[in-house]
Amino acid sequence: MSVAAGPERPQVVSHVQQALNYTVFDCKWVPRSARLLCLGSAARGTGLIQLYELHGARLELLREIEKPKPIKCGTFGATSLQQRYLATGDFDGNLNVWNLEAPEIPVYSVKGHKEIINSIDGVGGLGIGEGAPEIVTGSRDGTVKVWDPRQNDTPVANMEPVQGESKRDCWTVAFGNAYNQEERVVCAGYDNGDIKLFDLKTMSLRWETNIKNGVCSVEFDRKDINMNKLVATSLEGKFHVFDMRTQHPTKGFASVSEKAQKSTIWQVRHLPQNRDIFMTSGGSGSLHLWKYEYPAQRLKKDSEGSEMGVAGSVSLLQNVTLSTQPISSLDWSPDKKGLCVCGAFDQTVRVLIVTKLNNI
């Protein structure tokens with residue numbers, strides 16, 4: 001690992017801090033706006049959605065919506081820019097889609113899982129990528145399901161343990177490879193270190209590996225292109241960057257791993273405006289900003305003549321400690337480069353500005 005030097009290094013500036021009176025599990029920017037959402041659990045065991053608007057150096061609370069069950073995760077990825085509906089997963093296994101203008105009753109609702117929905121992702125919305133709008137949910141019940149909100153209660157895909165295989169807690173899910181109407185994959189990470197790549201076109205398991213520690217977060221650098229890179233973060237402070245362009249018949253995808261810190265890396269999020277820059281958030285209350293460097297050649301041949309990928313390297317651009325508690329959620333603004341929101345278990349949401357990203 002190399003560390004960027006000099007005055008041109010990006011700085012991570014805490015712009016606004018807002019204390020909350022509940023546990024925040026996820027934060028999301030509302031697309032095409034200066035608004036953000038905090039999702040979580042109130043002390044009395046109900047779910048909360050708070051909508052804030054950024055006014056200069058302060059956050060104004062526009063709306064607070066209480067729901068029966070704590071809310072673990074949310075995504076705008078399967079909605080249109082006109083509607084901007086929020087999909088959420090809750091502690092009771094429910095997938096709900098909300099119109100934030102009229103949030104009393106969900107516009108779509110299904111009892112998706114037997115246990116908590118840990119992770120959610122959306123694709124086919126916001127004018128990004130091709131194909132149907134779909135939502136993927138990963139649950140403690142060991143299943144990963146893909147939903148089309150235009151269809152009723154049945155998932156369009158259900159990835160569950162095969163007969164005799166033990167049930168693993170799915171902690172993280174992400175869409176990728178959605179570059180045309182037919183192609184689409186889901187990546188899922190589990191508590192035992194398994195990473196599985198499901199091909200939704202062929203409805204088959206395309207690849208699997210194990211990174212030896214619970215997989216906290218997975219994300220492709222872009223959802224709507226040919227698979228390029230995938231980052232997976234772990235319980236033990238390591239992350240792995242897989243080059244997803246070339247799959248070797250036996251060795252799978254080439255990867256580079258980095259021990260970022262001693263504590264859990266809760267999340268990874270790629271900068272929407274530059275897919276080679278990503279941020280990781282940690283159990284120690286820190287954020288690390290990274291850049292991926294491609295190798296001179298991304299492809300080589302083994303002794304049998306099979307093509308295999310070549311992993312690049314990562315460099316640390318900046319790190320900052322913001323909280324005494326884990327930073328459990330992170331989201332870049334899709335509209336304003338360098339604007340970021342994060343939520344931590346110190347019951348604080350922070351809006352950050354990352355400077356000098358154009359210089360990298």
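The protein chain is annotated in an unreviewed UniProt entry as Dynein axonemal assembly factor 10 of Mohoua ochrocephala. Taken directly from UniProt, the Function (unreviewed entry) text for the protein chain runs: "Key assembly factor specifically required for the stability of axonemal dynein heavy chains in cytoplasm." Checking UniProt for the protein chain, the heading Subcellular location (unreviewed entry) contains the comment "Dynein axonemal particle".

Colleague: Please give an account of the sheet that holds strand β10 (residues 108-111) that cites residues and values.
Modeller: With antiparallel pairing, the four strands of this open sheet are ordered in space as β7-β8-β9-β10. In the strand order of this sheet, the two ends are held by β7 (71-75) and β10, each with one partner. Looking at each pair of strands side by side, their axes are set apart by 20 degrees on average, direction ignored. As judged from the four bridges shared by β7 and strand β8 (residues 86-90), these two strands associate in the antiparallel manner. Bridge pairing in β8 places Gly74 opposite Thr88.

Colleague: Got a sec to walk through the nonpolar core? Specific residues and values, please.
Modeller: Counting residues in each nonpolar core, the largest one holds 18 residues, and the members touching the most others are Met279, Leu287 and Leu289. Looking at this core, the elements with two or more residues in it are β24 (274-282), β25 (286-293), β28 (313-321), β29 (327-332), β30 (339-344) and β31 (348-354). Those residues in contact with Leu289, other than ones at most four positions away along the chain, are Pro10, Ile277, Phe278, Met279, Ser315, Leu316, Leu317, Gln318, Trp332, Val354 and Leu357. One finds Leu20, Cys27, Leu36 and Val341 within the second-largest nonpolar core, a separate group that totals 17 residues.

Colleague: Please provide a residue-by-residue account of the sheet that holds strand β18 (residues 204-210), values included.
Modeller: In spatial order, the strands read β15-β16-β17-β18; together these four strands make up an open sheet with antiparallel pairing. Each of the sheet's edge strands pairs with one partner strand only, and the pair in question is β15 (170-176) and β18. Adjacent strand axes in the sheet meet at a mean angle of 20 degrees when their direction is disregarded. Pairing geometry for strand β17 (residues 194-199) and β18, over six bridges, is antiparallel. Bridged to Asp199 within β18 is Ser204.

Colleague: Tell me about the side chain of Glu183, and name the residues and values.
Modeller: With respect to the helices and strands, Glu183 occurs in the loop between β15 and β16 (185-190). Taking relative accessible area as the criterion, Glu183 reaches 14% and is therefore assigned buried. Those residues in contact with Glu183, other than ones at most four positions away along the chain, are Asn177, Ala178 and Lys201.

Colleague: Describe unusual backbone geometry, with residues and values.
Modeller: Note: most peptide bonds trans; most residues except glycine with negative phi. Despite not being glycine, Asn177 shows a phi value in the positive range, around 65 degrees. Among the structural elements, Asn177 can be located in the loop between β15 and β16. Classification of Asn177 as buried rests on a relative accessible area of 4%. Phi at Lys212 is positive, roughly 75 degrees, even though this residue is not glycine. For Lys212, the location among the structural elements is in the loop between β18 and β19 (215-220).

Colleague: Tell me what's going on with the layout of surface pockets, and back it up with residues and numbers.
Modeller: Its boundaries defined by the atoms lining it, the second largest pocket holds a volume of some 290 Å³. What lines the second largest pocket is a set of 18 residues, among which Glu160, Pro161, Glu165, Lys196 and Phe198 lie closest to the centre. Sorting the residues of the lining of the second largest pocket by element identifies β14 (157-159), β17 and β18 as the ones contributing at least two each. Take the lining of the second largest pocket: its biggest share by element is four residues, from β17. Tallied by class, residues from the lining of the second largest pocket come to eight nonpolar, four polar and six charged.

Colleague: Talk me through the environment of Ser306; I want residue IDs and the actual numbers.
Modeller: Structurally, the position occupied by Ser306 is in the loop between β26 (299-301) and β27 (307-309). Linking Ser306 and Pro249, residues 57 residues apart in sequence, is a C-alpha distance of 7.7 Å. Those residues within four positions of Ser306 in sequence are excluded, and the remaining contacts are His248, Pro249, Lys300 and Lys301.

Colleague: Describe the state of the cysteines, listing the residues and the values that go with them.
Modeller: For the structure on display, the rule yields zero disulfides. Here Cys342 is not cross-linked by a disulfide; its sulfur's nearest cysteine counterpart is in Cys340, at 6.0 Å.

Colleague: Now, about the pattern of salt bridges: what can you tell me, with residues and values included?
Modeller: Under the definition given, this model contains 19 salt bridges. Salt-bridge contacts for Lys201 lead to Glu183; the nearest nitrogen and oxygen are separated by 3.1 Å. Of this pair, Lys201 sits in the loop between β17 and β18 while Glu183 sits in the loop between β15 and β16, and the two are 18 residues apart along the sequence. With a relative accessible area of 48%, Lys201 lands in the partly exposed category. Notably, a salt bridge pairs Glu208 with Lys196, separated by 3.0 Å at the nearest N-O pair. Separated by 12 residues along the polypeptide, Glu208 in strand β18 and Lys196 in strand β17 bring together distant segments of the chain. Given a relative accessible area of 44%, Glu208 falls into the partly exposed group. Residues participating in the shared-partner salt-bridge network are Glu165, Lys196 and Glu208.

Conventions and cut-offs
- Residues numbered from 1 in each chain as written.
- Predicted model: local features only at pLDDT ≥ 70, side-chain atom pairs only at ≥ 80, totals over all residues.
- Heavy atoms only, no water.
- UniProt positions renumbered as here; feature names shortened; annotations may be inferred.
- Pairing = 2+ DSSP bridges.
- Helix = DSSP H or I, 4+ residues; strand = E, 2+ residues; numbered from the N terminus.
- Axes fitted to C-alpha atoms, helices over the stretch in contact; angles between N-to-C directions.
- Core = buried A, V, L, I, M, F, W, Y, C linked by side-chain atoms within 4.5 Å.
- Buried < 20%, exposed > 50% of the residue type's maximum accessible area, 1.4 Å probe, protein only.
- Contact = heavy atoms within 4.5 Å.
- 1 Å grid on protein atoms, 1.4 Å probe; cavity = no way out; pocket = protein on both sides within 12 Å on 5 of 7 lines; lining within 4 Å.
- Points joined across faces, edges and corners; volume = space filled by probe spheres on them.
- Nonpolar A, V, L, I, M, F, W, Y, C, P; charged D, E, K, R; others polar.
- Disulfide = S-S within 2.5 Å.
- Salt bridge = Lys/Arg side-chain N within 4 Å of Asp/Glu carboxyl O.

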